[in-house]
Amino acid sequence: GAGVSQTPSNKVTEKGKYVELRCDPISGHTALYWYRQSLGQGPEFLIYFQGTGAADDSGLPNDRFFAVRPEGSVSTLKIQRTERGDSAVYLCASSLVEGGNEQFFGPGTRLTVL
Amino acid sequence: RKEVEQDPGPFNVPEGATVAFNCTYSNSASQSFFWYRQDCRKEPKLLMSVYSSGNEDGRFTAQLNRASQYISLLIRDSKLSDSATYLCVLRSSNTGKLIFGQGTTLQVKP
């Protein structure tokens, strides 16, 4: 079956611009997670959703970052006034249930802020 | 101090070698432990869960020592296809939030 998909695969933007990153989880998975991975580092947790609600957003670095999951399926990560330091690979993962043993990751969106 | 510490390597080993990776964690409340594998410019994929009793999956053996807050991964008879970054991962609660180490890079050479 289809895995987690993310669009776009690559995004190049200029400092100060607004970007939206989309994640389509595996069908039927109720939990959805966003992580950010910088070069040479492991992924860092940003936010996770159980259904439509953000159950834990403690990893969002500041108020320029926001994410939604209005219908409990697709999620969008939104970044306002992008900075060069936001450049990273943004990974989305889903699991069947909250706390499910395996999280399935999408291929990521590589964001470059010039 | 990072919550999960790994030696980033790289570990360069010949085919057929046995190689071991170690990982330490600081949060004693951590509940679940995993090794994920990440190929270059790809997403992480679950390699195996780690249990206190130790567990084996083919050429891979994982061990957890809760008292020492230490996790290990042993790869026997290394293959060229084992070349990747191995991420030590823990989950501290039932919410599913994963905490990753920096990753250890393995390069298996012919």
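Just so we're clear, the structure is a prediction, and the values are computed from it rather than from any experiment.

(A) Geometry of the overall build of chain B. Secondary structure summary: chain B contains zero helices and eleven strands in total. Helices and strands in chain B line up, N terminus first, as β-β-β-β-β-β-β-β-β-β-β. Against the 2.2 N^0.38 benchmark of 13 Å for 110 residues, chain B shows a C-alpha radius of gyration of 13 Å, consistent with a compact globule. Over its C-alpha atoms, taken along the principal directions, chain B stretches across nearly 40 × 30 × 20 Å. Counting over 110 residues, chain B shows a buried share of 46%. Across chain B, every contact between residues at least 6 apart in sequence was considered, and the portion connecting residues at least 24 apart equals 57%.

(B) View of the nonpolar core. Counting 24 residues, the largest nonpolar core has Phe21, Trp35, Ile71, Leu73, Ile75, Tyr86 and Leu106 of chain B as its most contacted members. Where this core is concerned, the elements lending two or more residues are β3 (19–25), β4 (32–38), β5 (44–50), β7 (60–65), β8 (70–75), β9 (84–91) and β11 (104–109) of chain B. Ignoring any residue separated from it by four or fewer positions in sequence, one finds Ile75 of chain B in contact with Ala17, Thr18, Val19, Phe21, Arg59, Phe60, Asp82, Tyr86 and Leu106 of chain B. Ile47, Phe65, Tyr90 and Cys92 of chain A belong to the second-largest nonpolar core, a separate cluster that totals 20 residues.

(C) Local environment of the sheet that holds strand β1 (residues 5–7) of chain A. Residue and element names in this part refer to chain A. In spatial order, the strands read β1-β3-β8-β7; together these four strands make up an open sheet with antiparallel pairing. Two strands bound the open sheet, and with one partner strand each, they are β1 and β7 (65–68). Strand-to-strand twist across the sheet, computed as the mean angle between neighbouring axes with direction ignored, equals 15°. Pairing geometry for β7 and strand β8 (residues 75–79), over four bridges, is antiparallel. By the bridge assignment, Phe66 is partnered in β8 with Lys78.

(D) Quick look at the interface of chain A and chain B. With 22 residues of chain A at the contact, the number on the chain B side is 20 residues. Summed over both partners, the interface of chain A with chain B comes to about 1700 Å²; 47% of that surface belongs to carbon and sulfur atoms. Run the count over chain A and chain B and you get zero salt bridges. At the boundary of chain A with chain B, the tally comes to six residue pairs in polar contact (both at pLDDT 80 or more). At three residues, the largest contribution of residues to the side of chain A that touches chain B is made by strand β4 (residues 31–37) of chain A.

(E) Just the sheet that holds β7 of chain B, in detail. Residues and elements named next belong to chain B. In spatial order, the strands read β1-β3-β8-β7-β6; together these five strands make up an open sheet with antiparallel pairing. This sheet does not close on itself; its edge strands, each paired only once, are β1 (4–6) and β6 (55–57). Across the sheet, the axes of successive neighbouring strands diverge by a mean angle of 20°, strand direction being ignored. Of the pairings in the sheet, the one linking β3 to β8 comprises six bridges and is antiparallel in character.

Rules behind the numbers
Residue positions within a chain follow its written sequence, with the count starting from 1. Ligands are numbered from 1 and chains lettered from A, in the order in which they are written. Confidence filtering applies because this is a predicted model: local features only for residues at pLDDT of at least 70, side-chain atom pairs given and counted only at 80 or more, and all residues used for totals across whole chains, interfaces and linings. With hydrogens and water excluded, all non-hydrogen atoms of the structure serve as input to the side-chain values. Helix numbers and strand numbers start at the N terminus; a helix is a DSSP run of H or I with at least 4 residues, a strand a run of E with at least 2. With the radius of gyration taken over C-alpha atoms, the globule rule is written as 2.2 Å times the number of residues to the power 0.38. Classification of residues uses two cut-offs on accessible area relative to the type maximum, computed with a 1.4 Å probe and protein chains only: under 20% is buried, over 50% is exposed, and between them is partly exposed. In this description, contact between two residues means that some pair of their heavy atoms is separated by no more than 4.5 Å. Think of a nonpolar core as a cluster: buried Ala, Val, Leu, Ile, Met, Phe, Trp, Tyr and Cys residues, connected wherever their side-chain atoms sit within 4.5 Å. In this description, strands pair whenever DSSP reports at least two bridges between them. Axis geometry follows a simple rule: fit a line to the C-alpha atoms, using only the stretch in contact for helices, then measure angles between N-to-C directions, giving values from 0 to 180 degrees. Here's the idea: put two parts together, see how much 1.4 Å probe accessible area each one loses, and the total over both is what we call buried area. One speaks of a salt bridge when a side-chain nitrogen belonging to Lys or Arg is within 4 Å of a carboxyl oxygen belonging to Asp or Glu. Under the rule applied, a polar contact is a pair of N or O atoms within 3.5 Å (in protein, one hydrogen donor and one hydrogen acceptor; residues adjacent in sequence only if both atoms are side-chain atoms).

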